[in-house]
Amino acid sequence: MEHRDLSEADPEVYKALKNEVERQESESLEMIASENFVPRQILQAQGSVLTNKYAEGYPGERYYAGCEYHDKVENLARKRACEIFDADHANVQPHSGSQANFAAYFSQLDAGDKILGPVLSHGGHLTHGHGINFSGDLFDFATYGINKETERFEKEDILQAAKEHEPDMIVCGYSAYPREIDFEMFREVADEVDALLMCDIAHISGLVAAGEHPNPFPQCDIVTTTTHKSIRGARGGMILCKDEYAEDVDSAVFPYSQGGPLMHQIAGKAVCFKEAMRPEFEDYAKQIKKNTKALAEGLRKHDLELVSGGTDNHLVLVDLREEDVTGKEAESALEEANIVVNKNAVPYDPEPPMVTSGIRIGTPALTTRGMEEEELEEIGEMIGKVVKNPRDSGVRTKVREKVSELLENFELYEESGVEF
Ligand code: DSN
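None of these values were measured; they are calculated from a predicted model. (Residues numbered from 1 in each chain as written. Predicted model: local features only at pLDDT ≥ 70, side-chain atom pairs only at ≥ 80, totals over all residues. Heavy atoms only, no water.)

Scanning the protein from terminus to terminus reveals 16 helices and 15 strands. Relative to the compact-globule value of 22 Å for 420 residues, the protein shows a C-alpha radius of gyration of 22 Å, a close match. Summarising its shape, the C-alpha atoms of the protein cover approximately 65 × 60 × 40 Å along the three principal directions. Looking at the protein as a whole, 58% of its 420 residues are labelled buried. Once local pairs closer than 6 in sequence are excluded, the contacts in the protein between residues at least 24 apart make up 73%. For the protein, the accessible area works out to roughly 18,300 Å², and carbon and sulfur atoms hold 45% of it. Taking the average place of the 43 positive charges on the side chains of the protein and the average place of its 79 negative ones, the gap between the two points comes to 3 Å. (Helix = DSSP H or I, 4+ residues; strand = E, 2+ residues; numbered from the N terminus. Rg over C-alpha atoms; globule rule 2.2 N^0.38 Å. Buried < 20%, exposed > 50% of the residue type's maximum accessible area, 1.4 Å probe, protein only. Contact = heavy atoms within 4.5 Å. Areas by Shrake-Rupley, 256 points an atom, 1.4 Å probe, with all protein chains shown as cover. Lys, Arg positive; Asp, Glu negative; His and termini not counted. Charge placed at Lys NZ, Arg CZ, Asp CG, Glu CD.)

The next point concerns the site of the ligand. S34, H125, S175, H203, K229 and R360 make up every residue found near the ligand. In the environment of the ligand, an oxygen atom lies 2.7 Å from a nitrogen or oxygen atom belonging to the side chain of H203. A distance of 2.8 Å separates an oxygen atom of the ligand from a polar side-chain atom of R360. Starting from 230 Å² of accessible surface for the ligand in isolation, the protein chains cover 62%. A molecule is said to occupy a pocket when more than half its atoms come within 2 Å of that pocket's grid points, and by this definition the ligand occupies the largest pocket. The class makeup of the residues in the shell around the ligand is no nonpolar, four polar and two charged. (Near = heavy atom within 4 Å. Polar contact = N/O pair within 3.5 Å; in protein donor to acceptor, adjacent residues only side chain to side chain. 1 Å grid on protein atoms, 1.4 Å probe; cavity = no way out; pocket = protein on both sides within 12 Å on 5 of 7 lines; lining within 4 Å. Sits in = over half its atoms within 2 Å of the grid points. Nonpolar A, V, L, I, M, F, W, Y, C, P; charged D, E, K, R; others polar.)

So, about the UniProt feature "site: Plays an important role in substrate specificity" (unreviewed entry) in the protein. UniProt feature "site: Plays an important role in substrate specificity" (unreviewed entry): in the numbering of this structure it lies at H228. Following the sequence through the fold, H228 ends up in the loop between β9 (222-226) and β10 (237-241). You can call H228 buried: its relative accessible area is 12%. The contact partners of H228, leaving out residues within four places of it in the chain, are S34, N36, G233, A234, R235 and G236. (UniProt positions renumbered as here; feature names shortened; annotations may be inferred.)

A few words now on the pairing of strand β7 (residues 169-172). Residues M169 and V171 line one face of β7 and the alternating positions I170 and C172 line the opposite face, and both faces are buried. Pairing analysis gives two bridges linking strand β5 (residues 114-118) to β7, with the strands arranged parallel. Counterpart to I115 in the pairing with β7 is M169. Where β7 lies against strand β8 (residues 196-200), four bridges are found, and the strand directions are parallel. Bridging across to β8, C172 finds its partner in C199. (Pairing = 2+ DSSP bridges.)

On to the layout of surface pockets. Its volume calculated, the largest pocket comes out at about 730 Å³. In terms of lining, the largest pocket is formed by 36 residues, of which the most central are L120, G124, H125, S175 and N344. Taken together, the elements giving at least two residues each to the lining of the largest pocket come down to α5 (97-108) and β14 (342-343). Among the elements that take part in the lining of the largest pocket, α5 stands out by supplying three residues, more than any other. For the lining of the largest pocket, the class distribution of residues is eleven nonpolar, 16 polar and nine charged. Of the pockets and cavities examined, the second largest pocket occupies roughly 580 Å³. Around the second largest pocket sit 21 residues that line it, and Q24, N36, V38, L43 and Y413 are the ones nearest its centre. Looking at the lining of the second largest pocket, the elements that each hand over two or more residues are α2 (11-26) and α3 (40-46). Partitioning the lining of the second largest pocket into residue classes produces nine nonpolar, seven polar and five charged. (Points joined across faces, edges and corners; volume = space filled by probe spheres on them.)

In this section: the nonpolar core. Soluble globular proteins tend to bury their nonpolar side chains together. Core analysis: the largest hydrophobic core is formed by 68 residues, its most contacted members being F85, Y144, I170, C172, F186, L240 and F273. It is helix α11 (residues 263-276) that contributes the most residues to this core, seven residues altogether. When sequence neighbours within four positions are dropped, the list of residues in contact with I170 reads L116, A162, F186, V189, A190, V193, A195, L196, L197 and M198. Membership of the second largest hydrophobic core comes to 34 residues, among which are A296, V341, I383 and F410. (Core = buried A, V, L, I, M, F, W, Y, C linked by side-chain atoms within 4.5 Å.)

Right, let's talk about the sheet that holds strand β4 (residues 89-91) for a bit. Here seven strands make up an open sheet; going across it, the order is β4-β10-β9-β8-β7-β5-β6 and the pairing mixed. Strands at the two margins of the open sheet, each flanked by one partner only, are β4 and β6 (140-144). Strand-to-strand twist of the sheet, defined as the mean angle between neighbouring strand axes without regard to direction, takes the value 20°. In this fold helix α7 (residues 155-165) packs onto β5, β6 and β7, with an angle of close to 160° to the strand it touches most, β5. Each of β6, β7 and β8 is contacted by helix α8 (residues 183-193), which is oriented at about 165° to β7, the strand it contacts most. (Axes fitted to C-alpha atoms, helices over the stretch in contact; angles between N-to-C directions.)

Here's what the structure looks like:
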């Protein structure tokens, strides 16, 4: 085997990777609520020789020999995850959040069973029952939504939907909900209709890990998450559960829905969980929440409406229904100003999903860069200016200049030894 430097072996891929690190470092403000920047130690674990090995099965009971160190790494990841989230059992093998949700459903249910989940445009995810996804196709999903008055999930609405549909499982946990999730309320509803309670904490797992959002245990039976959003780790998924579901969860991941685990990714997850147990991570999660509130302040200075009136977590959802701009136009005007957000449906949105009347803005990535309230409030004002003047290229040019100045003061990978 010939070892060569990537720059020589594959200059095209090398160039794309170099360009991407440059883009992340100095081109734009990364404000997609589900994205983050991982530290060098996680990139090292992910880029390791663990990619070379098949390790079907679980630690101590693999289908291939030679898994001593893979067992060690997977056990570390499982143990740390259980400790962080106060779970009885962790399965760290799901390749993604969608795979985790797939396995979590099938661990307890059969195709055709009834699940009650959130409406997609009210903060839910495709895997919470949308018709174009396996979930809506294979299960009999019914939905609950945001209360029109409070723009929050309220017990009366969820209980009403639960009584009407009598689900086998209720799903909570959201991709675009700016408020805390009341797990006790969901447990009460689930108990009333004798349903299992599953929570998808993909977005908020970093806040939960740091004690900055209530823990879904013991109220929830099964919890799924990704490992790359606010928890700032290797891209992938995970399922946490109470003991009684452990065996079913494991067999729903392997052999039911996946083959060989991505062990290099599992190493990245293990390192991520170790990072999330450090006191510095608590400070990080606290700062995310402060930064999001400061961002909301900046947006309010331009009289922009926020869904539910504000935020308790890592994101805000801006309601543009009263503005002269759609979510799609706002996203693209902001992109030209080098601020990266995503268009997002707001509850009761009159526009179709590819247009929408909202933008979702998150702070985990900028908080990782070291930005604090002062910067986030200023960024909120910059976003406000662009959104209020969506067809004014002069405004965008000025904002773009400010973005460059800001980024110069918040180094990301330059000094870290990360090449790409
Ligand atoms: N794509 C993720 C998000 O942006 O919320 C969910 O999978």
